[in-house]
Amino acid sequence: MTYRLFVMDRAYSSWSLRGWMMFEPFGLSCAVTQANWPSPEWEALLARVAPARTVPALEIGEGPETFHVWDSLAIAETLAERHPEAGHWPAEPAARAAARALAAEMHSGFSALRSACPMNLKAVYSSYEPSEAVLADVARIRALWAWARGRFGGAGPFLFGERFTAADAFYLPVASRFASFGLPRGPEDDAYIEALHRVPAFRRWRAMAVVNPHVVEEDVADLPVTGAFGPGEAPLPARAVEGSAPVNEACPYSGKPVSPDSLAKIDGVVIGYCNRFCRDKSVADALAWPATAAILAAEGRGRPAA
């Protein structure tokens, strides 16, 4: 079955991120169409997925049988129904019910935190002072995390054990806010946030987010920025270069010939790509991309791929 997921700016759209995380961590694939907001491309995207008026929106099938489902919770349930073997929800009934309840509470609640702390994967802030309403949301989220881990999580690292579930996907964007805004948390919260930020699918999403130059001003906090990379494995040293000979002749992603203006020096190795987006997402987090990691490994550099 063909799936196409429609999303907004990756750095800012928490709901788009949730839609994306329903696929790769569960062994499913989809094509992705992304549009910046606001833009003519955004309006065209909405027209294609009507009657949805927002993203994520999922297009299923091809030709006259194509249909759409929108809203991240509806997408999660639709994919779980169509792919019961994928494990979107825990298998044990009590854990599955709890995971759905946690996801639903995230879906409908925590408005104070969401409003005051918009997701921005391009920034880590300092000096944020949360309101009492935000602190109440933080306390509730931490209590839910602790309860789920204590009741169902076992050795973890996720809410319901070793496997990433749809409940984790729903809390990943708010976990990024905990890191970006320095919200109160303890060591167990930090361990969970770290685990979420190491999920390969999220690493790839974040790498693509940080190289998109588009800015949604209303989602940029008026606070000092201390960095552009939060929890998770630190990226390898990397930068765009010109005039060097790459170790590869074909783009590791597309197989197309390397473009002379799309070269990167990553951990001391010059690697070529077919376009600047392929280059830039690799510079952002080379080890998030197994094909780039494989080239580095062949050259005796880098670390094991995500």
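Located above this text is the structure these notes cover.
Draft legend 1. Quick look at the overall build of the chain. Broken down by element type, the chain carries 11 helices and 9 strands. By the compact-globule yardstick of 19 Å for 306 residues, the chain fits well, its C-alpha radius of gyration being 20 Å. A principal-axis box enclosing the C-alpha atoms of the chain has dimensions of 55 × 50 × 40 Å. With 306 residues in all, the chain has 51% of them scored as buried. For the chain, the proportion of contacts with a sequence separation of at least 24, taken over those separated by at least 6, is 68%. Looking at charge distribution, the chain has the averaged site of its 29 positive side-chain charges lying 3 Å from that of its 34 negative ones.

Draft legend 2. Inspection of the packing of helix 9 (residues 200-210) against helix 10 (residues 276-284) at higher detail. Between helix 9 and helix 10, whose axes approach to 8 Å, the crossing angle comes to 115 degrees. Every pair of crossing elements has a handedness; the one defined by helix 9 and helix 10 is right-handed. Every residue of helix 10 that contacts helix 9 at Ala 207, Met 208 and Val 210 is listed here: Phe 277, Lys 281 and Ala 284.

Draft legend 3. Geometry of the pairing of strand 4 (residues 67-70). Pairing between strand 3 (residues 57-60) and strand 4: 4 bridges, direction antiparallel. Bridge assignment links Glu 59 to a residue of strand 4, and that residue is His 68.

Draft legend 4. Molecular detail of empty space enclosed by the protein. Applying the stated criterion to the full structure yields 1 cavity of 30 Å³ or more. Quantified by volume, the largest cavity comes out at close to 90 Å³. Forming the boundary of the largest cavity are 13 residues, of which Leu 121, Ala 123, Ser 180, Arg 206 and Gly 230 lie nearest the centre. For the lining of the largest cavity, the leading source of residues is helix 7 (residues 166-181), giving 3 residues.

Draft legend 5. Representation of the sheet that holds strand 2 (residues 31-34). On the basis of which strands lie adjacent, the open sheet formed by 4 strands has the order 2-1-3-4 and mixed pairing. At either margin of the open sheet sits one strand with a lone partner, and together these are strand 2 and strand 4. The sheet shows a mean angle of 25 degrees between the axes of neighbouring strands, taken without regard to direction. Here strand 1 (residues 3-7) pairs with strand 2 via 4 bridges, running parallel. Considered in strand 2, the bridge of Leu 5 is made with Val 32.

Draft legend 6. Examining the packing of aromatic side chains more closely. For the structure on display, the rule yields 13 aromatic pairs. Measuring from ring centre to ring centre gives 5.2 Å for Tyr 128 and Phe 181, while their planes differ by 70 degrees; the resulting arrangement is edge-to-face. A residue pair is termed long-range when its members are at least 10 positions apart, and Tyr 128 in the loop between strand 5 (124-125) and helix 6 (132-153) and Phe 181 in helix 7 qualify at 53 residues. Judged by relative accessible area, which is 18%, Tyr 128 ranks as buried. Here the aromatic rings of Trp 145 and Phe 178 are separated by 5.1 Å at their centres, their planes lie at 35 degrees, and the arrangement is tilted. Within this pair, whereas Trp 145 is found in helix 6, its partner Phe 178 is found in helix 7, the two being separated by 33 residues in sequence. Pair check on accessibility: Trp 145 and Phe 178 agree, each one buried.

Draft legend 7. Looking closely at the state of the cysteines. Under the definition given, this model contains 0 disulfides. Summary of cysteine pairing: Cys 251 is not part of a disulfide, and the nearest cysteine sulfur, belonging to Cys 274, is at 3.7 Å. On the basis of relative accessible area, Cys 251 is assigned to the buried category, the value being 4%.

Draft legend 8. Fine view of the sheet that holds strand 9 (residues 269-272). Here 3 strands make up an open sheet; going across it, the order is 7-8-9 and the pairing antiparallel. The open sheet has two edge strands, strand 7 (238-241) and strand 9, and neither has a second partner. Neighbour to neighbour, the strand axes of the sheet diverge by 30 degrees on average, direction disregarded. With 4 bridges connecting them, strand 7 and strand 8 (residues 263-266) associate as antiparallel partners. Within strand 8, the residue paired with Val 241 across the bridge is Leu 263. Across the sheet, helix 11 (residues 290-298) is in contact with strand 8 and strand 9; its angle to strand 9 comes to roughly 140 degrees.

Calculation rules
- Residues numbered from 1 in each chain as written.
- Predicted model: local features only at pLDDT ≥ 70, side-chain atom pairs only at ≥ 80, totals over all residues.
- Heavy atoms only, no water.
- Helix = DSSP H or I, 4+ residues; strand = E, 2+ residues; numbered from the N terminus.
- Rg over C-alpha atoms; globule rule 2.2 N^0.38 Å.
- Buried < 20%, exposed > 50% of the residue type's maximum accessible area, 1.4 Å probe, protein only.
- Contact = heavy atoms within 4.5 Å.
- Lys, Arg positive; Asp, Glu negative; His and termini not counted.
- Charge placed at Lys NZ, Arg CZ, Asp CG, Glu CD.
- Axes fitted to C-alpha atoms, helices over the stretch in contact; angles between N-to-C directions.
- Left-handed = near helix turned anticlockwise from the far one by under 90°.
- Pairing = 2+ DSSP bridges.
- 1 Å grid on protein atoms, 1.4 Å probe; cavity = no way out; pocket = protein on both sides within 12 Å on 5 of 7 lines; lining within 4 Å.
- Points joined across faces, edges and corners; volume = space filled by probe spheres on them.
- Phe/Tyr/Trp six-rings, centres within 6.5 Å; stacked < 30°, edge-to-face > 60°.
- Disulfide = S-S within 2.5 Å.

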